Amino acid sequence: MSSHTQYVNIAAYKFITLDNLEQLRPQYQDLCNELGLKGTVLLTPEGINMFLSGTREHIDQYLAWVRSDARLADLEWKESLSAEQSHKRMLVKIKKEIITMRMPLIKPELGRAPVVDAPTLKRWLDQGHDDDGVEVVMMETRNAFEVDVGTFNNTLDYRIDKFTEFPAVAAAHKQELSGKTVVTFCTGGIRCEKAAIHMKEIGYDRVFQLEGGILKYFEEVGGDHYNGDCFVFDYRTALNPKLEPTETVQCFACRAVVTPRQQLSPDYVVGVSCPHCAGKPAQGEALNAPAAQPAAQA
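Note that the structure is predicted; figures quoted are calculated from it, not measured.

Student: Which residues make up the nonpolar core, and what values do they have?
Tutor: Of all hydrophobic cores here, the largest spans 25 residues; its most connected members are Tyr 28, Val 41, Met 50, Leu 52 and Tyr 62. Of all the elements in the fold, those that place two or more residues in this core are strand S1 (7-15), helix H1 (21-35), strand S2 (38-44), strand S3 (47-54), helix H2 (56-67) and strand S5 (90-94). Tallying contributions element by element places H1 first for this core, with six residues. The contact partners of Tyr 28, leaving out residues within four places of it in the chain, are Val 41, Leu 43, Ile 48, Tyr 62, Trp 65, Val 66, Leu 72 and Val 92. One finds Ile 99, Ala 113, Phe 163 and Tyr 204 within the second-largest nonpolar core, a separate group that totals 24 residues.

Student: A description of the packing of H1 against H2 should follow, citing residues and the corresponding values.
Tutor: Closest axis-to-axis distance for the H1/H2 pair is 10 Å, and the angle between their directions is 160°. In this view, H1 runs roughly antiparallel relative to H2, as classed from their interaxial angle. The interaxial crossing formed by H1 with H2 has right-handed handedness. Here Gln 27, Tyr 28, Leu 31, Cys 32 and Leu 35 of H1 lie close against H2, whose contacting residues are His 58, Gln 61, Tyr 62, Trp 65 and Val 66. Classifying every residue of the contact of H1 with H2 gives seven nonpolar, three polar and no charged.

Student: Lay out the pattern of salt bridges in plain terms, naming residues and giving numbers.
Tutor: As enumerated under the stated definition, the model contains 22 salt bridges in all. Measuring nitrogen to oxygen at the nearest pair gives 3.5 Å for the salt bridge that ties Asp 224 to Lys 122. Of this pair, Asp 224 sits in the loop between helix H7 (213-221) and strand S11 (226-228) while Lys 122 sits in helix H3 (residues 118-127), placing them 102 residues apart in sequence. For Asp 224, a relative accessible area of 36% puts it in the partly exposed group. Note that Arg 159 is salt-bridged to Asp 157, the shortest N-O span being 2.7 Å. Given the relative accessible area of 27%, Asp 157 is considered partly exposed. Counted as one network, the salt bridges with shared partners bring together Asp 19, Asp 69 and Arg 71.

Student: Give me the lowdown on the pairing of strand S7 (residues 136-140), citing residues and values where you can.
Tutor: Among the five residues of S7, five are classified as buried, and the element is accordingly described as predominantly covered. Taking every second residue as pointing to the same face, both faces of S7 are buried, with Val 136, Met 138 and Glu 140 on one and Val 137 and Met 139 on the other. The pairing of S7 with strand S9 (residues 181-185) spans five bridges and is classified as parallel. Along S9, the bridge assignment pairs Glu 140 with Phe 185.

Student: Requested: an account of the packing of H3 against H7, with residues and values cited.
Tutor: Running from N to C, H3 and H7 cross one another at 85°; their axes reach a closest spacing of 9 Å. Between H3 and H7, the angle is such that the two are roughly perpendicular. Of the residues in H7, those touching H3 at Ala 118, Pro 119, Leu 121, Lys 122 and Leu 125 are Lys 216, Tyr 217, Glu 220 and Val 221. Class assignment for the residues of the contact of H3 with H7 results in six nonpolar, no polar and three charged.

Student: Go over the environment of Gly 54, please, and point to the residues and values.
Tutor: Examined against the element boundaries, Gly 54 turns out to sit in strand S3. Sequence separation between Gly 54 and Leu 37 is 17 residues; the distance between their C-alpha atoms is 4.9 Å. With residues up to four places along the chain from it excluded, the contact list for Gly 54 reads Tyr 7, Val 8, Leu 37, Ile 59 and Gln 85.

Student: How would you explain the side chain of Ser 80 if you had to name every residue and give the values?
Tutor: Position of Ser 80 relative to the elements: it lies in strand S4 (residues 77-82). Exposure remark for Ser 80: the relative accessible area of 9% places this residue in the buried category. A distance of 2.8 Å separates the side chain of Ser 80 from the side chain of Arg 236, its partner in a polar contact.

Student: Outline the confidence of the model for the chain, listing residues and values.
Tutor: Detailed reading of the predicted coordinates is not advisable wherever pLDDT is low. Residues at a pLDDT of 70 or more form 92% of the chain, whose mean pLDDT is 90. Note that residues 283-295 has pLDDT below 50 and, in this model, 26 contacts with residues that lie over four places away or in other chains.

Student: Explain the pairing of S9 residue by residue, including any values.
Tutor: The buried fraction of S9 is high, at five of five residues. Burial of S9 is two-sided: the residues Thr 181, Val 183 and Phe 185 facing one way and the residues Val 182 and Thr 184 facing the other way are all buried. When S9 meets strand S10 (residues 207-210), the two strands line up parallel, connected through three bridges. In the strand pairing of S10, Val 183 is matched with Phe 208. Remark: the S9/helix H6 (residues 190-201)/S10 crossover connection has right-handed handedness.

Conventions used here
- Residues numbered from 1 in each chain as written.
- Predicted model: local features only at pLDDT ≥ 70, side-chain atom pairs only at ≥ 80, totals over all residues.
- Heavy atoms only, no water.
- Core = buried A, V, L, I, M, F, W, Y, C linked by side-chain atoms within 4.5 Å.
- Buried < 20%, exposed > 50% of the residue type's maximum accessible area, 1.4 Å probe, protein only.
- Helix = DSSP H or I, 4+ residues; strand = E, 2+ residues; numbered from the N terminus.
- Contact = heavy atoms within 4.5 Å.
- Axes fitted to C-alpha atoms, helices over the stretch in contact; angles between N-to-C directions.
- Parallel < 35°, antiparallel > 145°, perpendicular 65-115°, else oblique.
- Left-handed = near helix turned anticlockwise from the far one by under 90°.
- Nonpolar A, V, L, I, M, F, W, Y, C, P; charged D, E, K, R; others polar.
- Salt bridge = Lys/Arg side-chain N within 4 Å of Asp/Glu carboxyl O.
- Pairing = 2+ DSSP bridges.
- Polar contact = N/O pair within 3.5 Å; in protein donor to acceptor, adjacent residues only side chain to side chain.
- pLDDT = per-residue confidence, 0-100.
- Right-handed = clockwise from strand over helix to strand, strands pointing away.

Below is the structure:
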């Protein structure tokens, strides 16, 4: 492969009933291997989730094949470019949920929560209210360590450590958010879609999900009203509003996010320690550091 090859990185998901997972898995694995793609495909009874990297030609071939399945004919995806493949291996997994929430009654394919697209959200944030004049509140659905890399200005961040904590948080803050327009968001759309559906089911009267998540917002309107970068679950660690990799990294020992400034610390030793875990009794297992994360989340 030429040293000048540019790789296309895609993120896509769809909530749809898939009932032949054992047959699908080898088909996806074989095609991805044949095309030299790297990344993760999650196949679940509630749908599909994928983060993949390859050449333009091979990504296009893969997507054409996926969309030949009538259930996935309208699959949409987000793209970014990089000089290297954003993943180092290829995995196709069967799981119970696209993103674990442990709320089995939520079936997004039976009806989505209302969505707001990136240009409309930017306009709402510019003017300070939605089109009905109601105050807009942004709500994080991502884990705390992801939020620390960057988020929207004046966002509600309840410091959750895993998505299964979100239902309790949403219930606890329902009353104080009454009468406001709440916009849930995440990296690529999956978590905020499930979150918004759950919030509607427990009685939130005005809740929207950000269509396509932060990455789609970056793609369509840039970084207005956003502070910092967006954590991603691949070797790039974080993307700026131009969808370019940044200098942010993850600590090999404890998996904490380490910013460029923190990398200047003497406690940061590549592959050994960082300011989050250096000198702690159980080095490499810092109390506030995130656990190793799966390759495909959004």
